[in-house]
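Residue-level listing of the chains:
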Amino acid sequence: MTAIKPIDRGSVHRICSGQVILDLGTAVKELVENSLDAGATNIEVRLKEYGSELIEVADNGCGIRPDNYQALTLKYHTSKLRCFTDLQELSTFGFRGEALSSLCALADVSVVTRTTDGAAGVRLTYDHAGKLMGTAATARAPGTTVAVRELFKHLPVRFKEFRRNVKREYAKLLAVLQAYALIATSVRIICTNHVGRAARTTVVSTQGSPTLRENIVTVFGSRVADGLEPLIVEGPSGATISGYVSKATAGSSKSAGDRLFFFLNGRPIDLPKGSRVVTDTYRSLSSAATAHCRPVAILDLQLPRHSYDINVTPDKRKTFLHHEDELLNALQKALQELWEPSRSTFAINNVV
Ligand code: ADP
Ligand code: MG
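Residues numbered from 1 in each chain as written. Chains lettered and ligands numbered in written order. Predicted model: local features only at pLDDT ≥ 70, side-chain atom pairs only at ≥ 80, totals over all residues.

1. Some details on the sheet that holds strand β7 (residues 188–194)
The eight strands lie next to each other as β5-β4-β3-β6-β2-β1-β7-β8, forming an open sheet whose pairing is mixed. A single partner strand is all that each edge strand has here, and the edge strands are β5 (132–138) and β8 (201–205). The sheet shows a mean angle of 15 degrees between the axes of neighbouring strands, direction not considered. Two strands pair when backbone bridges link them, and strand β2 (residues 54–59) and strand β6 (residues 143–149) are joined in this way by six bridges, in the antiparallel orientation. Opposite Ile55, over in β6, you have Val148 as the bridge partner. In the packing of helix α2 (residues 24–37) onto the sheet, contacts are made with β1 (42–48), β2 and β6, and the angle to β2 comes to roughly 15 degrees. (Pairing = 2+ DSSP bridges. Helix = DSSP H or I, 4+ residues; strand = E, 2+ residues; numbered from the N terminus. Axes fitted to C-alpha atoms, helices over the stretch in contact; angles between N-to-C directions. Contact = placed C-beta atoms within 7 Å.)

The structure is reproduced here in structure tokens:
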């Protein structure tokens, strides 16, 4: 055995950062969440070459104060959480203070920001350890723009894979953005992509509407929205699920891909068991007309704060929910009543 020694700090930083920023979708998700946490009502995501050359997220949020320029990109530095017990009361998307520091380790990061009461904007550049390298005055309306160039350039394997599969990564990113565009009411979110010499195309856009239903119309169009109906499910211990699902006679074509979105108190999450409940129930009750369709579901789980843990993975998409099986059983029963009233009295016990 050779001597046991600590790994140098730079290497640790790079190793851990690859676990926070998993892919293009996570990178954009982190930046959009920061804009929402900053109280933005207008968020623009600008991509170049599907995000492989440049990801830029610009907002009209509170901006960054000069005394925070240095700490902005340092690992575990956050303005949102001070100690572990704060997690109980947390209302922001972020709290781990890892996203910007990880992005610095994996790409070239620059920031332009101006606070609401700031006289002018400032451009900040950072090195790969998250150290502030330069500041320069620049014109900007209040808010913040974070630019991430050449994502994963410092993780050779992932960089290659990302470039090889850039369109697949981009498709995943659009699904992530759609989730935020749907749930963020009263926030205008727009995403554009610029490829080669072609004109910039708008790929996701909402208008800052105050309701989920209007956001569904702007994200998916009125034909999809017309095929949905509202659903409210009472679950165990004060939990509820509310949102929209396909009508019994409607659905989404297979080519449109999955349109199953779950949120936990307004935070987009992965809930594979929930997706399975929706698709299996739909499939088991589908008529000839919907046999080739997939269900659409946009559902927000409203749970008491003490009944879940979102701090399972750095991207916070995985969750531990108390009473998950009971909650999903209640969802399954409600979907059965909606989609096939005559079968609603059958006992259901296949949610695992
Ligand atoms: P976290 O969101 O977990 O705090 P981040 O690394 O994402 O960690 O961000 C670090 C800090 O930088 C945030 O706590 C916030 O104070 C500040 N910040 C990041 N993005 C923005 C933004 N768009 N507008 C204002 N402040 C921001
Ligand atoms: Mg954050």
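2. Thoughts on helix α5 (residues 166–183)
Spanning 18 residues, α5 covers 26 Å between terminal C-alpha atoms, matching the ideal 26 Å at 1.5 Å per step. Taken residue by residue, α5 has Glu169, Leu173, Val176, Leu177, Gln178, Ala179, Tyr180, Ala181 and Leu182 as its buried positions. (Expected span 1.5 Å × (residues − 1). Buried ≥ 20, exposed ≤ 12 C-beta atoms within 10 Å, placed from the backbone.)

3. Observations regarding the nonpolar core
In this structure, Ala27, Val28, Leu103, Leu151 and Leu177 are the most contacted members of the largest nonpolar core, which totals 79 residues. Per-element tally for this core: the top contributor is α5, with seven residues. Once residues within four sequence positions are removed from consideration, Ala27 is found in contact with Ile21, Ile55, Leu103, Val148 and Leu151. (Core = buried A, V, L, I, M, F, W, Y, C linked by C-beta atoms within 7 Å.)

4. Notes on the domain arrangement of the chain
Assigned domains of the chain: these are domain 1 (9–205) and domain 2 (221–343). If you average the C-alpha positions of domain 1 and of domain 2, the two centres end up 29 Å apart. Across the boundary between the two partners, domain 1 contributes 13 residues, which contact 11 residues of domain 2. Put simply, the parts of the chain that give the side of domain 1 that touches domain 2 at least two residues each are α1 (9–20) and α5. If one sorts the elements of the side of domain 1 that touches domain 2 by residue count, α5 sits on top with four residues. Across the side of domain 1 that touches domain 2, the residue classes tally to eight nonpolar, three polar and two charged. (Domains from an automatic or database assignment. Nonpolar A, V, L, I, M, F, W, Y, C, P; charged D, E, K, R; others polar.)

5. Focus: the site of ligand 1
By nearness alone, 22 residues border ligand 1, and Asn34, Thr78, Ser79, Gly94 and Ala99 come closest of all. Those elements that provide at least two residues to the shell around ligand 1 are α2 and α3 (99–106). (Near = placed C-beta within 6 Å.)

6. With respect to unusual backbone geometry
The residue Tyr76 is not glycine, and still its phi comes out positive at about 60 degrees. Tracing the sequence through the fold places Tyr76 in the loop between β2 and α3.

7. Regarding the pairing of β7
Burial along β7 is one-sided: Ile189, Cys191 and Asn193 are buried, while Arg188, Ile190, Thr192 and His194, pointing the other way, are not. With seven bridges joining them, β1 and β7 adopt parallel strand pairing. Counterpart to Lys48 in the pairing with β7 is His194. Relative to β8, β7 is paired through four bridges, and the arrangement is antiparallel. Across the sheet, Cys191 pairs through a bridge with Val204, a residue of β8. Remark: six residues form the turn of the hairpin made by β7 and β8, two consecutive strands paired antiparallel; Gly196 in that turn has positive phi of roughly 55 degrees.

8. So, the sheet that holds strand β9 (residues 228–234)
The strands that make up a sheet pair up through hydrogen bonds in the backbone, lying either parallel or antiparallel. The strand order across the open sheet built from five strands is β9-β10-β15-β12-β13, with neighbouring strands paired in mixed fashion. Only two strands of the sheet have a single partner each, and these edge strands are β9 and β13 (267–269). Neighbour to neighbour, the strand axes of the sheet diverge by 25 degrees on average, direction disregarded.

9. With respect to the pairing of β1
Residues Ile43, Val45 and Leu47 line the buried face of β1, whereas the alternating positions Asn42, Glu44, Arg46 and Lys48 sit on a face that is not buried. Bridge count between β1 and β2: six bridges; the pairing is antiparallel. Its bridge partner being in β2, Ile43 is matched across the sheet by Asp59. A loop of five residues connects β1 with β2, the two strands running antiparallel in sequence, and Glu49 in this loop sits at a positive phi of about 50 degrees.

10. Some points on the environment of Val112
Relative to the helices and strands, Val112 is located in strand β3 (residues 108–114). The spacing of Val112 and Pro230 is 118 residues in sequence and 41 Å in space, taken between C-alpha atoms. Discounting residues that sit within four places of it in the chain, Val112 has contacts with Gly121, Arg123, Thr138, Arg140 and Thr145.

11. Describing the packing of α1 against α3
Remark: α1 packs on α3, axes separated minimally by 9 Å, with the N-to-C direction vectors making an angle of 115 degrees. With respect to the hand of their crossing, α1 and α3 are arranged in left-handed fashion. Residues His13, Arg14, Ser17, Gly18 and Val20 of α1 touch α3, and the partners they reach there are Ala99, Ser102, Ala105 and Leu106. Residues that form the contact of α1 with α3 fall into these classes: four nonpolar, four polar and one charged. (Left-handed = near helix turned anticlockwise from the far one by under 90°.)

12. A word on the packing of α5 against helix α6 (residues 212–220)
Pairs of packed helices are described in terms of their axes, by the angle between the two and the distance that separates them. Axis separation between α5 and α6 bottoms out at 8 Å; the angle between their running directions is 140 degrees. It follows from the interaxial angle that α5 and α6 lie oblique. On α6, the residues touching Gln178, Ala181 and Leu182 of α5 are Leu212, Asn215, Ile216 and Val219. Within the contact of α5 with α6, the residues separate by chemical class into five nonpolar, two polar and no charged. (Parallel < 35°, antiparallel > 145°, perpendicular 65-115°, else oblique.)

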